[in-house]
Amino acid sequence: ILNVEQSPQSLHVQEGDSTNFTCSFPSSNFYALHWYRWETAKSPEALFVMTLNGDEKKKGRISATLNTKEGYSYLYIKGSQPEDSATYLCAFIPLIKAAGNKLTFGGGTRVLVKP
Amino acid sequence: NAGVMQNPRHLVRRRGQEARLRCSPMKGHSHVYWYRQLPEEGLKFMVYLQKENIIDESGMPKERFSAEFPKEGPSILRIQQVVRGDSAAYFCASSPLSGGPNTEAFFGQGTRLTVV
């Protein structure tokens, strides 16, 4: 059983503040880590696909880092806006033959940005 | 290019009935994955299919659940003799043939099954 954990479970952020949260995953047999943004009543939407240790990816005010040796990734939101309110999911893919893109999800971090 | 289409969006079934959930992957995608979100839980993998093949069904309950992805038409997740515990949101995702580490999966909006 793969253990993918996210913390905290939920986060209240004041508009304009920056925040970050964590995803931890097995440090062995790493293949890829995905971050998804999931708004209520919509489908999860891919933010980042990360594959290399030390990777840093950025999309607008959101960025992510990856440490495969110690098994964690951080997601950062700079200058949070109300539209950033969503659940952020990380998902781990192990290096297993024929696993395809079978994702093991963390429980998510629910972010609420208050105006 | 339409996204991943799931239907119906909401499905109500009485205990003992069958539920059929459909997923049409994005155009050009030949890999389909089904995930389930039980109340108060996260997304859990159920099954991974390619056209006419089940690749990994390690997350499927052993009884009453089956999935297929025929040569033509959508992928179907079938639940026979539904019970209240099957009430959940079922999500489908698809990815293209390459399926390498940089390949992202695209999700549908889910089917919310309620068993009464």
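Summarised in this report is the structure supplied together with it. All residue numbers refer to position in the chain's written sequence, counted from 1. Chain labels run from A onward and ligand labels from 1 onward, assigned in the order the entries are written. For a predicted model such as this one, the threshold for reporting local features is a pLDDT of at least 70, and the threshold for listing and counting side-chain atom pairs is 80 or more; totals across whole chains, interfaces and linings nevertheless cover every residue. Side-chain metrics in this entry use all non-hydrogen atoms of the structure; hydrogen atoms and water are not considered.

1. Focus: the overall build of chain A
Quick note on the threshold: Secondary structure elements follow DSSP: runs of H or I of four or more residues count as helices, runs of E of two or more count as strands, with numbering from the N terminus. Remark: exposure states derive from per-residue accessible area (1.4 Å probe, protein chains only) relative to the maximum for the residue type, with buried under 20%, exposed over 50%, and partly exposed in between. Should any heavy atoms of two residues lie within 4.5 Å, those residues are counted as being in contact. Areas reported here follow the Shrake-Rupley algorithm with a probe of radius 1.4 Å; residue values treat only the protein chains shown as occluding.
Across its full length, chain A holds zero helices and eleven strands. Counting helices and strands in the order they occur from the N terminus, chain A gives β-β-β-β-β-β-β-β-β-β-β. Dimensions of chain A, computed from the C-alpha atoms along their principal axes, are close to 45 × 30 × 20 Å. Considering chain A as a whole, with its 115 residues, one finds that 50% of them fall into the buried category. Sequence separation of 24 or more characterises 55% of the internal contacts of chain A that already satisfy a separation of 6 or more. With an accessible surface of roughly 5800 Å², chain A has 48% of that area assigned to carbon and sulfur atoms.

2. Notes on the interface of chain A and chain B
The parts lose accessible area when they come together, and the size of an interface is often stated as this lost area. To keep things clear, this is the line we draw: Buried area adds together the accessible area that both of two parts lose upon being put together, with accessible area traced by a 1.4 Å probe. Salt bridges, as used here, are contacts in which a Lys or Arg side-chain nitrogen is within 4 Å of a carboxyl oxygen on Asp or Glu. Polar contacts here mean pairs of N or O atoms no more than 3.5 Å apart (in protein, one a potential hydrogen donor and the other a potential acceptor; neighbouring residues in sequence count only if both atoms are side-chain atoms).
Of the residues lining the interface, 20 residues belong to chain A; the matching set on chain B comes to 22 residues. Summing the contributions of chain A and of chain B, the shared interface buries around 1800 Å²; its carbon and sulfur component is 57%. In this structure, the salt-bridge partner of Asp56 of chain B is Lys102 of chain A, at a minimum N-O distance of 2.9 Å. On the surface where chain A and chain B come into contact, there are five residue pairs in polar contact (both at pLDDT 80 or more). If one sorts the elements of the side of chain A that touches chain B by residue count, strand β4 (residues 30–38) of chain A sits on top with five residues.

3. Details of the packing of aromatic side chains
Threshold: Here is the rule: rings of Phe, Tyr and Trp (six-membered ring for Trp) pair when centre to centre is within 6.5 Å. Planes less than 30 degrees apart are stacked, more than 60 are edge-to-face, and the remainder are tilted.
Per the stated rule, a full pass over the model turns up 15 aromatic pairs over all chains. Judged by centre distance (6.0 Å) and plane angle (45°), the ring pair of Phe30 of chain A and Phe92 of chain A falls under tilted. A residue pair is termed long-range when its members are at least 10 positions apart, and Phe30 of chain A in strand β4 and Phe92 of chain A in strand β9 (residues 86–94) qualify at 62 residues. A connected cluster of aromatic rings, assembled from ring pairs, spans Tyr36 and Phe105 of chain A together with Tyr35, Phe45 and Phe107 of chain B.

4. A word on the environment of His29 of chain B
All names here are of chain B. One can find His29 in strand β4 (residues 29–37). The sequence separation of His29 and Val4 amounts to 25 residues, and the corresponding C-alpha distance is 9.6 Å. Excluding residues that lie within four positions of it along the chain, His29 makes contacts with Ser94, Ser95, Pro96 and Phe106. A polar contact is formed between the side chain of His29 and the side chain of Ser94, at a distance of 2.7 Å.

5. Some remarks on the pattern of salt bridges
All names here are of chain B. By the definition in use, this model includes seven salt bridges over all chains. Arg20 serves as the salt-bridge partner of Glu18, at 3.0 Å between the closest nitrogen and oxygen. Judged by its relative accessible area of 33%, Glu18 falls in the partly exposed class. Take Arg20: its relative accessible area is 37%, and that puts it in the partly exposed class. In this structure, the salt-bridge partner of Arg78 is Glu18, at a minimum N-O distance of 3.9 Å.

6. Things to note about the state of the cysteines
Cysteine pairs can be linked by a disulfide, which is a covalent bond between their two sulfur atoms. Residue and element names in this part refer to chain A. Where we set the bar: Cysteine sulfur atoms are paired as a disulfide whenever they fall within 2.5 Å.
One pass over the full model with this rule turns up two disulfides over all chains. Each disulfide pairs two cysteine sulfurs, and for Cys23 the partner residue is Cys90, the sulfurs being separated by 2.0 Å. Looking along the S-S bond of the Cys23-Cys90 disulfide, the torsion reads about 75°, which is the right-handed sense. Of this pair, Cys23 sits in strand β3 (residues 19–24) while Cys90 sits in strand β9, and the two are 67 residues apart along the sequence.

7. Points about the sheet that holds strand β3 (residues 19–24) of chain B
All names here are of chain B. Short version of the rule: Here a strand pair is declared whenever DSSP counts at least two bridges between the two strands. Interaxial angles span 0 to 180 degrees and are taken between N-to-C directions of axes, which are lines fitted to C-alpha atoms, for helices over the stretch in contact.
Spatially, the four strands line up as an open sheet ordered β1-β3-β8-β7, and their pairing is antiparallel. At either margin of the open sheet sits one strand with a lone partner, and together these are β1 (5–7) and β7 (65–68). Direction aside, the axes of adjacent strands within the sheet are offset by 15° on average. In the sheet, β3 pairs with strand β8 (residues 75–79) via five bridges, with the strands oriented antiparallel. Pairing of Cys23 across the sheet is with Ser75, part of β8.

8. Describing the sheet that holds β3 of chain A
Residue and element names in this part refer to chain A. A sheet is described by the order of its strands in space; here five strands give the open sequence β1-β3-β8-β7-β6, paired in antiparallel fashion. Since the sheet does not close on itself, it has two edges, and those belong to β1 (5–7) and β6 (56–59), each with one partner. Each adjacent strand pair in this sheet contributes to an overall mean axis angle of 15°, direction not counted. Both strand β7 (residues 62–67) and strand β8 (residues 72–77) contribute to a ladder of six bridges, which runs antiparallel. Opposite Leu66, over in β8, you have Ser73 as the bridge partner.

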